[in-house]
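So you can see what is in the structure, the chains are spelled out below.
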Amino acid sequence: MRDRDNQRHNEIIAMESRLSDNMVNSTRQLFADIQNRDVKNIADLHGRDDQRHNEIIAIQKRMDYNIAGIKTEMKNTKRWIIGLVIATSLSFLGIAISLVIGMTNIVNIIWNLIKIAK
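Colleague: Honestly, the overall build of the protein chain in this entry has me stumped. Any pointers?
Modeller: Looking only at helices and strands, the protein chain features 1 helix and 0 strands. Surface summary for the protein chain: the accessible area is close to 11300 Å², and the carbon and sulfur share equals 63%.

Quick look at the structure:
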């Protein structure tokens, strides 16, 4: 009977040992799986980060191109406005000179008529 009890006791100890080994192996496998999953997730995050970075660079290039175009249009518009102001000023100056010449001629004509009338 003692032999049988010892045998059962040894079997229980062996089962506990196998169970403990299985738990250790399972835990190790679980940690390895978690580590692999985390490495994969980090790699995915890094890939998405690179993609976002490239998209941001592309957007910045488009914005720089658009801003350069706007600056060019502003310079051209400013030149047109300056040209229109100069042309308008010269037109008014020409009108003023024409008025002065015309008034001078009218005054000369009236002056000559007054001299002839006397």
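Colleague: Would you take a moment to explain a positive patch on the surface for this structure?
Modeller: A grouping of Lys71, Lys75, Lys78 and Arg79 is seen on the molecular surface, where their side chains present a positively charged patch. Residue Lys78 is classed as exposed on the basis of its relative accessible area of 54%.

Colleague: Explain the pattern of salt bridges here, please?
Modeller: Side chains that differ in charge, positive against negative, can pair when their charged atoms come close. Tallied over the entire structure, the rule returns 1 salt bridge. Linking Lys40 and Asp44 is a salt bridge whose minimum nitrogen-to-oxygen distance equals 3.9 Å. Of the two residues, Lys40 and Asp44 both sit in helix α1 (residues 2–117), 4 residues apart, roughly one turn of that helix. Overall, Lys40 belongs to the exposed group, its relative accessible area being 54%. A relative accessible area of 33% places Asp44 in the partly exposed class.

Criteria and thresholds
Residues numbered from 1 in each chain as written. Predicted model: local features only at pLDDT ≥ 70, side-chain atom pairs only at ≥ 80, totals over all residues. Heavy atoms only, no water. Helix = DSSP H or I, 4+ residues; strand = E, 2+ residues; numbered from the N terminus. Areas by Shrake-Rupley, 256 points an atom, 1.4 Å probe, with all protein chains shown as cover. Patch = residues over 30% accessible without salt bridge, like charges linked within 9 Å, V, L, I, M, F, W, Y side chains within 5 Å. Salt bridge = Lys/Arg side-chain N within 4 Å of Asp/Glu carboxyl O. Lys, Arg positive; Asp, Glu negative; His and termini not counted. Charge placed at Lys NZ, Arg CZ, Asp CG, Glu CD. Buried < 20%, exposed > 50% of the residue type's maximum accessible area, 1.4 Å probe, protein only.

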